[in-house]
Amino acid sequence: MQQIPVILVRHLVKKFGTFVANDDLTFDVFKGEVFGFLGANGAGKTTAMRILCGLSRPTSGELRVDGLDVHKQAEAIKKRIGYMSQKFSLYKDLTVYENMRLFGGIYGLSLHDLKSRIDQLLGQLDLRKQRDTLIADLPLGWQQKLAFSVAILHHPSIVFLDEPTAGVDPFTRRQFWELIYKAAYEGITVFVTTHYMDEAEYCDRVSIMSEGKIVALDKPAALKKHYGVGSMNEVFLRIARSEEEADSR
Amino acid sequence: MKCFCESQGVRKKQIVDSIQTFGAKTLHRLLAFIHKEFLHIIRDPRTLVILFGIPAAQILIFGYVISMDIREVQIAVVDLSRDTISRQLIHKFDASNYFRVSHMLNSVNEVEKILKSGSVKEVLVFESGFGTRFMREGEAMMGLIVDTSEPNTGRLVASYSEALIADFNRELAMAGRLKIVPAVRMLYNPALQNEYMFVPGLMTLILMLICALMTSITITREKEFGSMEVLLVSPLRPMQIILGKVAPYLLLAFGDVLLILAMANFVFGLPVKGSLMLLLLESVLYIGLALSLGILISTVSKTMQQAMFISLIGLMLPSILLSGFIFPLENMPLFYQIISLILPPRWFIIIVKNIMLKGTGFRFVWKETLVLIVMTAIFISISAKKFKIRLE
Amino acid sequence: MIQAEHLCKNFASVTALADISFSVSEGELFGFIGPDGAGKTTLFRLLATLMRPDSGAATLSGYDVVKDYKQLRLITGYMPGRFSLYHDLTVEENLRFHAAVFGATVEENYELIKDIYSHIEPFKKRLAGRLSGGMKQKLALSCALIHAPTVLLLDEPTTGVDAVSRMEFWQMLKNLQSHGITILVSTPYMDEAGLCDRVALLQDGQILSIDSPARIVARFDKKLWAVQSDDKHMLIERLRSYRPIESVFAFGDSVHITTVNDELDETELVHFLTAQTEEIHITTIKPNIEDCFLRLMRKN
């Protein structure tokens, strides 16, 4: 794999008053990589992700997203990223086509491009027949897949996913990961935040955050080997336990 | 294993017992529930502001729009007598802080014109021969013509004028037994339609707002946060849930009644003319009515937003417009008058006005009271029917 | 202890539960495993007497969920999907409120919740809204237990909670079993199936399989291989075009495959794949619950 850093973070610090949400984060995410950004609730994942999306300003540190400086070019960054949250993805009271048009339009696709992209996507997802169906009337799994496709409709450099497959049935989940792998294969960097360790198993590399710091960063297989355990869940438990011991000392 | 079975048996017996002693525990549960509701209210300062800050602010704002004191009110004088006594009295008016003589009129015919123009609030009229009659008979009449289109100011102007004249009389009385008798005439609003109407009006609206809006919101909030599920699966009866939700607001709304009445009395000097007890009882009835409306709204709305929308648009707006608080009912088209008949505030305003401002007793409000009682009964029975013991 | 027969429930045109039957014995830790929309929440609401089935019947401890809902509400502890705590009340106030509502006191049943509540007791003056996900979960469980129920109905108690809290939570459930409490728990996470005595795999309102996790896995009727390679997209594409293959599913850092006739010529497959990708590892593996779930879904 070519190692072109698409996200470059050096000494990122984010403080809220005296509370340090991100404490000196340094990491790279490479082009076409599926990067897992893990940690318990409140570990600082969301804060860091917001900063990378240009939604929040870092207190200090050097950050580049797709070559753009987060401090100076936050607005430009927003055009090059896609985002899919677990809670909200598509407007349920709009049809499949209306949603695609809306989000394509928001990201500045021309009507011509949009039409061909939408047609192509509908074909890929086998949703041609459902073009004028309300999102609310689609099965949950389809909604999820569609949401992902819409998030990468404008071919962003990076797509941010928040717990993308939590609660999805095993079959749809596989289909979803296949979509992610495909996007990565096509050169889109996939940045997955989750606190569900099973999702971490699917990532190329993962970082684990705890109390504002990155405490581990490697391939899942390497982490499992390092801790001598069989799953990312156990890796996480090991790390949490050693953190706890460090705290009590 | 035997021991285990026994403990199960004991537990079953406990369950049976607890069903039997349900009545005894009911009160305890209800109190716990009410306690929880109070905690919700106390924890959210915004609720307290809505509950007490807004009523107090409203009363003050409405109250101070009405002038409470008079200063340098411009008056006109028709002095056909032109003697020392009349001049002394005119001078006394002019020298006081309350009045300033701005116009000297030549004839009584000009009085109406200048009052209508609004440039003066009062005209003093001394007829020709005022001074001579005064000296000869020791008593003379003079006229005070007051513009009462703003009733409060008008009344103040009249009473301050009378006080000045009384004062003048005392000074004269030292010299001998002489007396000027003022004849006061009110123009434009002789019945002195009370501008303190805002107190009953505000009380009616504020109670409706607090009770209906707040209860419907607090019940739908439990639905929205999912805690209603837990309440429903608990042994609490629907009636207990409703009572527990409503009781704190009943108390707080009653507190608002006291607050409004106290402010009316101490800030504006507007006492309850009739029976305070009767007024409080009527208020409790009305609060009950508004609360049952709130419950009714909560049974038909799933979210706080819906509840708020129904309360404000469906209830508050017609209450403000059609209760007779702002727009007099008599002047409305028949259609609106008929609609206003089903609005509880319309009836309660009459009750408060009668007891508080006119000082009438129950004999004069029993019909309105009956209407409120019937409405309450209807709302309560509908909401009891609609309140579900399950989630469906 | 719990008997459900032919439970059906529809919402407008949507079938939430289609003919669900199962039984749970006393003191069992029983799990309903299934994705969102499988009918878990509807089922739990039926059992918690919050809804009535369209047809079918269920009894808990001999009490019917429709007719005897009053008695049932006294003996069940129910924890709905979103921890329905009052965020503006403190930890302690939440607990006391739940106790009082059931006519119990915190003191008389403290022993039962001690293991759980002691984790959050140091924060008892804190508002529940300020607790972390794991602490909220513990408080919600304490509240569901405080009236000493004989049956616990826990609807997705571990959703949205971090790995450490999840592990602690399951440990607590095991401890509660020793008090003789029957526990029904639902979860969308397949990896939690192994922690239950028995599980029902739920999909589209139907039970795919119901048994102990070990026996469900033992019933998997195919040979299973895991294939690993760096480029997963190409690997999956290529595997799909390999004729003997029956199913191809991504599983973490590998891809699980079955073949039509349960035979696999590994060298041939490696040869077939290396045209596209570099390093290939193939190993035979034992299925897990998720493999079984996928297989059962396919059969349906």
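Note that the structure is a prediction, hence the values are computed from the model and not measured.

Let us look at the overall build of chain C. The helix and strand inventory of chain C stands at ten helices and 14 strands. Along the first, second and third principal axes, the C-alpha atoms of chain C reach 70 × 45 × 35 Å. A total of 300 residues make up chain C; the buried ones form 50% of that total. Within chain C, contacts between residues at least 6 apart in sequence are counted, and of these 70% link residues at least 24 apart.

The next point concerns the interface of chain B and chain C. Each partner contributes residues to the interface: chain B has 28 residues there, and chain C has 26 residues. Of all the secondary structure elements, the ones that give two or more residues to the side of chain B that touches chain C are helix 1 (2–20), helix 2 (22–43) and helix 9 (227–233) of chain B. The element best represented in the side of chain B that touches chain C is helix 2 of chain B, accounting for nine residues.

Grouped together as the largest cluster of nonpolar side chains are 212 residues, with contacts concentrated most on Val159 and Val190 of chain A together with Cys211 of chain B. Looking at this core element by element, the count peaks at 16 residues for helix 8 (residues 198–225) of chain B. With residues near it in sequence (within four places) discarded, Val159 of chain A still touches Ile81, Gly82, Met84, Ala151, Ile152, Ala183, Ile188, Val190 and Phe191 of chain A. Counting 24 residues, the second-largest nonpolar core is a separate cluster that includes Val73, Ala76, Val78 and Val125 of chain B.

It is worth spelling out the pairing of strand 1 (residues 5–16) of chain A at this point. Each regular strand displays side chains that alternate between the two surfaces of the sheet. Residues and elements named next belong to chain A. When strand 1 meets strand 2 (residues 19–30), the two strands line up antiparallel, connected through eight bridges. Of the residues in strand 2, the one forming a bridge with Pro5 is Phe30. Hairpin remark: strand 1 followed by strand 2, antiparallel, with two residues in the connecting loop; positive phi at Gly17, about 65°. Note that strand 1 and strand 4 (residues 60–65) share five bridges and pair antiparallel. Counted as the bridge partner of Arg10 is Glu62 from strand 4.

All names here are of chain B. Taking 1.5 Å per residue, 21 residues should reach 30 Å; helix 15 (residues 366–386) reaches 30 Å between its end C-alpha atoms and fits that length. Those residues of helix 15 that fall on the buried side of the exposure criterion are Thr376, Phe379 and Ser383. Viewed along the axis of helix 15, the buried residues span an arc of 75°, placing them on a single side of the element. Of the exposed residues in helix 15, the ones pointing more than 90 degrees away from its buried face are Trp366, Lys367, Leu370, Val374, Ala377, Ser381 and Lys385. In this structure, the buried side of helix 15 is in contact with helix 11 (276–300).

Glancing now at the packing of helix 8 (residues 220–227) of chain A against helix 9 (residues 232–248) of chain A. Residue and element names in this part refer to chain A. One can describe the packing of helix 8 onto helix 9 by two numbers: an axis separation of 9 Å at closest approach and a directional angle of 55°. By the angle class used here, helix 8 and helix 9 are oblique. Between helix 8 and helix 9 lies a crossing whose hand is left-handed. Here Pro220, Leu223, Lys224 and Tyr227 of helix 8 come into contact with helix 9, specifically with Met232, Val235 and Arg238. Taken together, the residues of the contact of helix 8 with helix 9 sort by class into five nonpolar, no polar and two charged.

Turning our attention to the interface of chain C and chain A. Taken residue by residue, the interface counts 26 residues in chain C and 27 residues in chain A. Of all the secondary-structure elements, those providing two or more residues to the side of chain C that touches chain A are helix 6 (163–177), helix 8 (232–240), strand 12 (245–251) and helix 10 (289–299) of chain C. Split by residue class, the side of chain C that touches chain A holds 14 nonpolar, six polar and six charged.

On to the domain arrangement of chain C. Residues and elements named next belong to chain C. Examined at the domain level, chain C breaks down into domain 1 (2–218) and domain 2 (224–299). For domain 1 versus domain 2, the distance between C-alpha centres works out to 37 Å. Counting residues at the interface gives ten residues for domain 1 and eight residues for domain 2. Those elements giving two or more residues to the side of domain 1 that touches domain 2 turn out to be strand 9 (198–203), strand 10 (206–211) and helix 7 (213–218). At three residues, the largest contribution of residues to the side of domain 1 that touches domain 2 is made by helix 7. Residue composition of the side of domain 1 that touches domain 2, by class: seven nonpolar, three polar and no charged.

So, about helix 5 (residues 140–151) of chain A. Residues and elements named next belong to chain A. Taking 1.5 Å per residue, twelve residues should reach 16 Å; helix 5 reaches 17 Å between its end C-alpha atoms and fits that length. Taking burial as the measure, the twelve residues of helix 5 include nine buried ones, the bulk of the element. All buried positions along helix 5 are accounted for by Gln143, Gln144, Lys145, Leu146, Ala147, Phe148, Ser149, Val150 and Ala151. The secondary structure elements touched by the buried residues of helix 5 are strand 6 (81–84), helix 3 (96–106), helix 4 (111–124), strand 7 (158–162) and helix 6 (170–185).

Attention now moves to the sheet that holds strand 10 of chain C. All names here are of chain C. The strand order across the open sheet built from six strands is 6-7-8-3-9-10, with neighbouring strands paired in mixed fashion. Pairing within the sheet leaves two strands with one partner each, and these edge strands are strand 6 (76–79) and strand 10. With direction set aside, neighbouring strand axes in the sheet form an average angle of 15°. Of the strand pairs in this sheet, strand 7 (residues 151–154) and strand 8 (residues 182–187) are connected by four bridges, and their pairing is parallel. Counterpart to Leu153 in the pairing with strand 8 is Leu184. Relative to the sheet, helix 6 contacts strand 3 (29–33), strand 7 and strand 8, its axis offset from that of strand 8 by approximately 160°. In this fold helix 10 packs onto strand 9 and strand 10, with an angle of close to 135° to the strand it touches most, strand 10.

Moving on, we come to the confidence of the model for chain C. Residue and element names in this part refer to chain C. With 98% of its residues at a pLDDT of at least 70, chain C reaches an overall mean of 91. The least confident element of chain C is helix 9 (residues 266–274), whose mean pLDDT is 86; the most confident is strand 3, at 96. The ipTM assigned to the predicted complex is 0.86, against a pTM of 0.78.

Before going further, it helps to spend a moment on the sheet that holds strand 1 (residues 2–11) of chain C. Residue and element names in this part refer to chain C. Across the sheet, which stays open at both edges, the four strands sit in the order 2-1-4-5 with antiparallel pairing between neighbours. This sheet does not close on itself; its edge strands, each paired only once, are strand 2 (14–24) and strand 5 (63–64). Here strand 1 runs beside strand 2; their pairing, made up of seven bridges, is antiparallel. When the sheet's bridge partners are listed, Lys9 is paired in strand 2 with Leu17. Against the sheet, helix 1 (residues 40–47) touches strand 1, strand 2 and strand 4 (55–60), its axis set at about 60° to strand 2.

Further remarks concern the environment of Met79 of chain C. Residue and element names in this part refer to chain C. On the secondary structure map, Met79 appears in strand 6. Between the C-alpha atoms of Met79 and Leu145, which are 66 residues apart in sequence, the distance is 9.3 Å. Excluding its chain neighbours within four sequence positions, the residues that come into contact with Met79 are Ala140, Leu141, Ala144, Leu154, Asp155 and Pro157.

The packing of two helices is summarised by the inter-axis angle and the distance between the axes. Residue and element names in this part refer to chain A. Where helix 3 contacts helix 4, the axes come no closer than 10 Å and their chain directions differ by 135°. As summarised for this structure, helix 3 and helix 4 are arranged oblique, according to the angle between their axes. Every pair of crossing elements has a handedness; the one defined by helix 3 and helix 4 is right-handed. Across from Tyr97, Met100, Arg101 and Gly104 in helix 3, the residues of helix 4 making contact are Leu114, Arg117, Ile118 and Leu121. Tallied by class, residues from the contact of helix 3 with helix 4 come to five nonpolar, one polar and two charged.

Reading guide: rules and limits
Residues numbered from 1 in each chain as written. Chains lettered and ligands numbered in written order. Predicted model: local features only at pLDDT ≥ 70, side-chain atom pairs only at ≥ 80, totals over all residues. Helix = DSSP H or I, 4+ residues; strand = E, 2+ residues; numbered from the N terminus. Buried ≥ 20, exposed ≤ 12 C-beta atoms within 10 Å, placed from the backbone. Contact = placed C-beta atoms within 7 Å. Core = buried A, V, L, I, M, F, W, Y, C linked by C-beta atoms within 7 Å. Pairing = 2+ DSSP bridges. Expected span 1.5 Å × (residues − 1). Arc of directions from axis to C-beta. Axes fitted to C-alpha atoms, helices over the stretch in contact; angles between N-to-C directions. Parallel < 35°, antiparallel > 145°, perpendicular 65-115°, else oblique. Left-handed = near helix turned anticlockwise from the far one by under 90°. Nonpolar A, V, L, I, M, F, W, Y, C, P; charged D, E, K, R; others polar. Domains from an automatic or database assignment. pLDDT = per-residue confidence, 0-100.

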